[in-house]
Every structure is written in C-alpha cells, then in structure tokens.
Amino acid sequence: MTEGRPERALHTATRLAARIGGAMIFLIALLVCGDVLMRNLFNKIVFHSYELSNYLFAIAVAFSLAYTLVERAHIRIEVVHNLFPSPLRRALDTVALLSVVGTAALFAWTGWELALGNLARGSNSNSTLNLPIGVPQALWATGLTIFAVVAAVLTVRHVQMLLTGRPDQADAIGGMGSEIPADPETTNGNGRTMEVAR
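Right, let's walk through the structure included here. It should be emphasised that the depicted structure is a prediction, and the values quoted were computed from it without experimental measurement. Residue positions are counted from 1 within each chain, in the order its sequence is given. It should be noted that, the model being predicted, local features are given only for residues of pLDDT at least 70 and side-chain atom pairs only at 80 or more, the latter also being counted only at that level, while totals for whole chains, interfaces and linings use all residues. Note: side-chain values were computed over all heavy atoms of the structure, leaving out hydrogens and water.

1. Notes on the packing of helix 3 (residues 86-121) against helix 4 (residues 134-163)
We count it as follows: Under this scheme, a helix contributes an axis fitted over its contacting stretch, all axes are lines through C-alpha atoms, and angles between N-to-C directions fall in the 0 to 180 degree range. Numbered from the N terminus, helices here are DSSP runs of H or I no shorter than four residues, and strands are runs of E no shorter than two. Under this scheme an angle from 65 to 115 degrees is roughly perpendicular, one under 35 degrees roughly parallel, and one over 145 degrees roughly antiparallel; angles in between are oblique. Note on convention: the crossing is left-handed when the near helix lies turned anticlockwise from the far helix by less than a right angle, right-handed when the turn is clockwise. Side-chain classes follow a simple rule in which Ala, Val, Leu, Ile, Met, Phe, Trp, Tyr, Cys and Pro form the nonpolar group, Asp, Glu, Lys and Arg form the charged group, and the remainder, Gly included, forms the polar group.
Packing of helix 3 against helix 4 brings their axes to within 8 Å, and their N-to-C directions diverge by 160°. Here helix 3 lies roughly antiparallel to helix 4, going by the angle between them. Crossing geometry of helix 3 relative to helix 4 is assigned as left-handed. The class makeup of the residues in the contact of helix 3 with helix 4 is 24 nonpolar, nine polar and two charged.

2. Brief notes about helix 3
The following threshold applies: To estimate the expected span of a helix, subtract one from its residue number and multiply by 1.5 Å. Think of it in three bands: with a 1.4 Å probe and only protein chains considered, a residue is buried below 20% of the maximum accessible area for its type, exposed above 50%, and partly exposed in between. Only heavy atoms matter for contacts: two residues are in contact if any of them lie within 4.5 Å across the pair.
Counted at 1.5 Å a residue, the expected span for helix 3 with its 36 residues is 52 Å, and the 52 Å between its end C-alpha atoms agrees. Inspection of helix 3 places Arg 89, Arg 90, Asp 93, Thr 94, Leu 97, Val 101, Ala 104, Ala 108, Gly 111, Ala 115, Gly 117 and Asn 118 among the buried residues, and these make up the whole buried set. Those residues of helix 3 that are buried are in contact with helix 4 and helix 5 (167-174). Where helix 3 ends, the next residue or the one after it, Gly 122, has phi of about 70°, a positive value.

3. Here we look at the pattern of salt bridges
Note the following rule: Salt bridge, as applied in this entry: a Lys or Arg side-chain nitrogen positioned within 4 Å of an Asp or Glu carboxyl oxygen.
Taken as a whole and assessed by the stated rule, the structure comprises two salt bridges. With a shortest N-O distance of 3.6 Å, Arg 90 and Asp 168 are connected by a salt bridge. In this pair, Arg 90 sits in helix 3 while Asp 168 sits in helix 5, placing the two residues 78 residues apart along the sequence. The exposure class of Arg 90 is buried, given its relative accessible area of 15%. Residue classification places Asp 168 among the exposed residues on the basis of a relative accessible area of 55%.

4. Things to note about a nonpolar patch on the surface
In plain terms, the rule: Each patch is built from residues lacking any salt bridge and having more than 30% relative accessible area; the joining distance is 9 Å for like charges and 5 Å for nonpolar side chains (Val, Leu, Ile, Met, Phe, Trp, Tyr). Here, Shrake-Rupley sampling with a 1.4 Å probe gives the accessible areas, and only protein chains in the shown set may cover a residue.
Taken together, the side chains of Ile 75, Ile 77, Val 79 and Val 80 define a hydrophobic patch exposed on the protein surface, amounting to about 480 Å² of accessible area. On the secondary structure map, Ile 77 appears in the loop between helix 2 (49-70) and helix 3.

5. Quick word on the nonpolar core
Spelled out, the test is: We call a set of buried residues a nonpolar core when its members are Ala, Val, Leu, Ile, Met, Phe, Trp, Tyr or Cys and they connect through side-chain atoms within 4.5 Å of each other.
Among the nonpolar cores identified, the biggest contains 18 residues, and Leu 10, Leu 69, Val 70, Leu 144, Phe 147, Val 150 and Leu 154 are the most heavily contacted of them. Put simply, the parts of the chain that give this core at least two residues each are helix 2, helix 3, helix 4 and helix 5. A per-element tally of this core places helix 4 first, with seven residues. Core analysis: the next-biggest nonpolar cluster, separate from the first, contains eight residues, Ala 17, Leu 56, Ala 60 and Phe 63 among them.

6. Observations concerning the packing of helix 3 against helix 5
Across the interface, helix 3 lies against helix 5 with an axial gap of 10 Å and an inter-helix angle of 35°. Seen along the crossing, helix 3 lies across helix 5 with a hand that is left-handed. Contacts between helix 3 and helix 5 involve Arg 90, Asp 93 and Leu 97 on the former and, on the latter, Pro 167, Asp 168, Asp 171 and Gly 174. Its residues assigned to classes, the contact of helix 3 with helix 5 comprises two nonpolar, one polar and four charged.

Any functional reading would require information beyond the geometric quantities listed.
This is the structure we're talking about:
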C-alpha cells in the first residue's frame, strides 16, 4: 500500500507542529538554566522562567496533540476491544474518533473564546512581566485548533475507507496498534502503520 496524499500532508503538518512544541520545551530548559545561573551568580531573576515556562508548556502540549493523534500514541485500553468482532471494533474506532473531534473542537472553541476575550479587554497577566495574557492563550488555542482539524480529517478518512470497502486501511487510521499487522514496508519509524491508499 502507498500512503495517500491527505495522510502525507497530515504527517508533514503535524510533525512540524510537534517540532515547534519540542522547541518550546527546549526553550523552557534554557530559560530555567539561565535563571538558575543568574540567581546563583548575581542573586537576580532575569528571564522569569517560571511564568514563561507555564505559557510555553501549555502551547507545546497543544501543538503536539495532533501529531500524537496521527501516530495513534494516545492511551487507549484495548483489553475488551480486542474481544469484539472486527465490524464492532471498527464501529468503536469510529465512535472514538468522533469523541476526539468533539472534545478537541470544544477545547479549541473555549480556548479562542478565552483568548479573544482577553485580547479585546487588553487583559495583562497578574505578574512581574505583566504580559498581555491573550497572546499566549491565542497560541495555545491555535495548537488546539490544529488538533481539532486533524482529528476531523482523520475521522472523515476513516469513514471513507469503511464506506468504500477498505476496512484494513481504515484500521491504519483509526485502529489500535495491536490489531494492525506489523509490516516493515508499511510501518513508520515508530512501528505504527499509517500507510493508506488513495
């Protein structure tokens, strides 16, 4: 099987988002190290790493959620799931994807509502930096929006594969790792299959 164009686009976009999140984690480490050094050498806090790391960590997590979904790395309990016949398992996979879409959309909507409200009011953080709180909240909401869009695309592709008689390829999108045969030609570097025909 060859990977379809939508799946390739999702891999590229979500991998980039995840790398942005990873860069933010690295930045947190630099800020913390800088503050530790400055505190020990000059008894001063220069980078305000505690406050900034709170914002950066939330944004990093949000930007990584979509990639985690594409790689099917979110935790799912499959003890009972594997006891069901294939049609029922695939129906449950569809329900699971729909629940992810609903949850991600709710998070994104709430995030933007919060961010835009604070930007409109000109609200600042109650801290030494006194930052416009709506800016990090908007970046956080952006990551959640990417998560919601990717979840919706995966759900549509999953249902499309089922309706067109390609259940094995639907499993490659919405199924659990244990129900998908490991094939070195159709697995990525993490051992997870995302190879779907057009």
